[in-house]
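# Residue-level structural notes
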Amino acid sequence: MTDSRGTVSRRLFVSGMFAALGTVPVAAAAASEGTAAVAPARRVLRAAPATVSLGGQEVSTWAYDGVLPGPTIRATAGGTVRARLVNDLPAPTTVHWHGIRIVPEMDGAPGFSQRPTKPGGTFDYVFTVPDPGTYFYHSHVGMQSDRGLYGPLIVEDPHEPLRYDQEFTVLLDDWQDGVKGTPDDTLSALSTTPHDDTLSSHVLGGTSGHVRYPYYLVNGRTADEPTVFLSRPRVRARFRVINAAADTAFRVALGGHRLTITHTDGFPCKPVTVDTVVVGMGERYDFVVTLDAGAFPLIAMAEGKSGRAFAVVRTTPVARTPSPDGEVPELQRKQLSYDDLQARRSHQLRPPSRTVTVTLGWRQRADGGSEWPLNGRLADDPLRLRVERGETIRIVLHNDTHMWHPMHLHGHTFQVRATERGGPRKDTVNVMPYKRISIDVHADNPGEWMFHCHNLYHQEQGMMGVLGYGKPPRRKHVMTH
């Protein structure tokens, strides 16, 4: 059976598959839909301490509505999301709607556009979702998003041009909370230890991230009891991949299949077929695959680290379940690069009127900890890139460090200038060690907007600036570039 868009009815299809499979764990039924629960565009999000199962181990953490990931919120482009945050945490919190071109008051950016909601308090988020695509929501206070305070936000296109039969949402995460202390413990250790040292099992040298996590997750589950995505042979499936991790980029592949990339951070691109794609923290990629018969490993290798997230895509009930440690040749084959990607013509930006350079740096504090400045300035005295409404500027991001920096801009999308022909539309871009990359930003959403590294540890150690319109507001220590 199909719905009005020609896509497979998930409820009927999943029920039929479980009747055939019989022995598949009940948990996989929700996982095949993408996450544990689906929420309408009007709902309550209750942030509270919770005990969640990672598949084989229960841990204490903070979560929305007691589930990991948080409930999927679905809306339609041009529609309104209404979500009441209820804060049952012992600390202030917010919700940031990552990638949405939103009004500033709803952005969940503490200290910029919103005061955090105090324990016991509530806040009503009401905003329009202008663009279809794959997004997510998460806390933007301290290290909270490195707990369980995140979930998918899927904005559907009422005139969807992409042809597919079924879709799955894939949330990737690195996990330590309740296993080896808390994210705040790790931040404290990183903040007082020389950058090149190793802190027992916590800190990892290399370029992708600092932290060796005990688990890497797909939709809140480890490889011991993995998420199972149920389908059938010859189905054309759309996968919406979201990296909600704090410190880990993932290299994603589906064993036995090639991936046709169709969207970058929610925006459509000219389709390009590859074997694997690296997804930085905060990035999202959509791809379509025509599924073969069998059971296949969906692998997300922790880039530059030892470890992998693992799920299973099953199209026949009798196929042998793949091993989470098995070889996946696609991981070593054609990898997507920004040079391969082109925005659709309707999403190309006009040439910029001026260019500014932002240097992503590192320096060591007197106590041995790290600081990650933008043009030499930290978040408590931030770099401010001044723009005027209606202009387009080019920002050259110069990474003068040996670490990855997935840079994310609130309230806007930008076009990556990967080649002379242009590049994809995105809101988060990986800036590789000692490399430069240019992004063009059209200033069409007045406000004071966070511009920061989506490595949560770099963000908390200072790598956060501002894109601001006109004269700076009355605030101490704000610099205009």
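See the structure printed just above.
Presented here is an overview of the structure given in this document. Here the structure is a predicted model, which means the values were calculated and not measured.

### A few points about the overall build of the protein chain
Counting its secondary structure elements, the protein chain contains four helices and 33 strands. In the protein chain, which comprises 481 residues, the proportion classed as buried is 61%. Of the roughly 18,100 Å² of accessible surface on the protein chain, 49% is carried by carbon and sulfur atoms.

### What to know about unusual backbone geometry
Note that the residue after Leu 68, namely Pro 69, is joined by a cis bond; omega there is -10 degrees. Counting through the fold element by element, Pro 69 comes out in the loop between strand 3 (58-64) and strand 4 (72-76). Phi is positive for Asp 65, which is not a glycine, with a value near 60 degrees. You can see Asp 65 is positioned in the loop between strand 3 and strand 4.

### Side note on the environment of Val 429
On the secondary structure map, Val 429 appears in strand 29 (residues 428-431). A relative accessible area of 0% means that Val 429 is categorised as buried. Considering only alpha carbons, one finds Val 429 and Val 279, 150 residues apart in sequence, at a separation of 9.6 Å. With sequence-adjacent residues up to four places away left out, Val 429 is seen in contact with Glu 283, Tyr 338, Leu 397, His 405, Pro 406, Met 407, Phe 414, Val 416, Ile 437 and Ile 439.

### What about the side chain of Thr 117?
With respect to the element layout, Thr 117 can be found in the loop between strand 6 (96-98) and strand 7 (122-128). Given the relative accessible area of 5%, Thr 117 is considered buried. Leave out the neighbours within four places in its chain, and Thr 117 touches Leu 85, Asn 87, Ala 91, Pro 92, Thr 93, Thr 122 and Phe 123.

### With respect to the sheet that holds strand 30 (residues 436-442)
The strand order 21-25-30-27-28 describes an open sheet built from five strands, whose pairing is mixed. Strands at the two margins of the open sheet, each flanked by one partner only, are strand 21 (354-360) and strand 28 (425-426).

### Things to note about the sheet that holds strand 14 (residues 250-254)
If you walk across this open sheet you meet the five strands as 12-20-19-14-17, and the pairing is mixed. Edge positions in the sheet fall to strand 12 (227-230) and strand 17 (277-279), since each of these pairs with one other strand and no more. Strand after strand, the sheet turns through a mean of 25 degrees between neighbouring axes, direction not considered. As paired strands, strand 12 and strand 20 (residues 308-314) are joined by four bridges and run parallel to one another. Bridge pairing links Thr 227 to Ala 311 in strand 20.

### Focus: the side chain of Asp 131
Residue placement: Asp 131 occurs in the loop between strand 7 and strand 8 (133-138). Of note is the side chain of Asp 131, whose polar atom sits 2.8 Å from the side chain of Arg 101. When neighbours within four sequence positions are excluded, Asp 131 is seen to be in contact with Ala 77, Arg 101, Val 155 and Phe 267.

### Brief notes about the nonpolar core
Nonpolar side chains tend to gather and get buried jointly when the protein is soluble and globular. Counting 100 residues, the largest nonpolar core has Trp 97, Ile 261, Leu 397, Met 407 and Val 429 as its most contacted members. The leading source of residues in this core is strand 19 (residues 295-302), at four residues. Residues Ala 63, Phe 136, Trp 175 and Leu 217 belong to the second largest nonpolar core, which totals 13 residues.

### A word on the packing of aromatic side chains
Taken as a whole and assessed by the stated rule, the structure comprises twelve aromatic pairs. With 5.7 Å between their ring centres and 70 degrees between their planes, Trp 97 and Tyr 125 make a pair best called edge-to-face. With Trp 97 in strand 6 and Tyr 125 in strand 7, the pair connects residues that are 28 residues apart, well separated along the chain. On the accessibility criterion, Tyr 125 (1% relative accessible area) is buried. Between Phe 239 and Phe 287, the ring centres sit 5.1 Å apart and the planes meet at 20 degrees, which makes this aromatic pair stacked.

### Quick look at the pairing of strand 29
The alternating pattern of strand 29 places Thr 428 and Asn 430 on one face and Val 429 and Val 431 on the opposite face, and all of these are buried. Sheet topology note: the strand 26 (residues 405-409)/strand 29 ladder contains four bridges and is antiparallel. When the sheet's bridge partners are listed, His 405 is paired in strand 29 with Val 431.

### A look at the environment of Glu 167
Here Glu 167 shows up in strand 10 (residues 166-175). Taking the relative accessible area as the measure of exposure, Glu 167 reaches 2% and is therefore buried. In the structure, Glu 167 is positioned 121 residues away from Val 288 in sequence and 8.8 Å away in space, judged by C-alpha atoms. Here Tyr 164 takes part through its side chain, which lies 3.0 Å from a polar atom of the side chain of Glu 167. Only 3.2 Å separates the side chain of Glu 167 from the side chain of Arg 240, close enough to count as a polar contact.

### Description of the environment of Gly 369
Take Gly 369: it is sitting in the loop between strand 22 (363-364) and strand 23 (370-371). Under the relative-accessibility criterion, Gly 369 is labelled buried at 0%. For the pair formed by Gly 369 and Ala 189, sequence separation is 180 residues and the distance between their alpha carbons is 8.5 Å. If we ignore the near neighbours within four places in the chain, the residues touching Gly 369 are Leu 190, Ser 191, Thr 192, Thr 193, Arg 363 and Gln 364.

### Regarding a positive patch on the surface
Together, Lys 270, Arg 344, Arg 345 and Arg 421 make up a positively charged patch on the protein surface. Counting through the fold element by element, Arg 344 comes out in the loop between strand 20 and strand 21. When its relative accessible area of 38% is taken as the criterion, Arg 344 is described as partly exposed.

Calculation rules
Position numbers for residues start from 1 in each chain and track the written sequence from start to end. Local features are withheld for residues below a pLDDT of 70 in this predicted model, meaning they are given only at 70 or higher, and side-chain atom pairs are given and counted only at 80 or more; totals for whole chains, interfaces and linings count all residues. With hydrogens and water set aside, each side-chain value is computed from the structure's full complement of heavy atoms. For helices the rule is a DSSP run of H or I covering at least 4 residues; for strands it is a run of E covering at least 2, with both sets numbered from the N terminus onward. Under the scheme applied here, a residue whose accessible area is under 20% of the maximum for its type counts as buried, over 50% as exposed, and between as partly exposed, the area being computed with a 1.4 Å probe on protein chains only. All accessibility values rest on the Shrake-Rupley procedure with a 1.4 Å probe; residue burial counts only the protein chains present in the view. Any pair of residues with heavy atoms lying within 4.5 Å of one another is described as a contacting pair. Whether two strands pair depends on DSSP finding at least two bridges between them. Think of each axis as a best-fit line through the C-alpha atoms, taken over the contacting stretch in the case of a helix, with angles from 0 to 180 degrees between the N-to-C directions. Under this definition, polar contacts are N or O atom pairs within 3.5 Å; protein pairs additionally need one hydrogen-donor-capable and one acceptor-capable atom, and for neighbouring residues in sequence, both atoms have to be side-chain atoms. Here, the term nonpolar core denotes a set of buried Ala, Val, Leu, Ile, Met, Phe, Trp, Tyr and Cys residues that are joined through side-chain atoms within 4.5 Å. Centres within 6.5 Å are what make two rings of Phe, Tyr or Trp a pair, Trp counting through its six-membered ring; a difference in plane orientation under 30 degrees is then read as stacked, over 60 as edge-to-face, and the rest as tilted. Each patch is built from salt-bridge-free residues with over 30% relative accessible area, joining like charges within 9 Å and nonpolar side chains (Val, Leu, Ile, Met, Phe, Trp, Tyr) within 5 Å. The term salt bridge refers to a pairing of a side-chain nitrogen on Lys or Arg with a carboxyl oxygen on Asp or Glu at a separation within 4 Å. In this charge count, Lys and Arg are treated as positive and Asp and Glu as negative; neither His nor the chain ends contribute. Every charge is mapped to an atom, namely NZ of Lys, CZ of Arg, CG of Asp or CD of Glu.

Nothing here speaks to function; it is geometry throughout.
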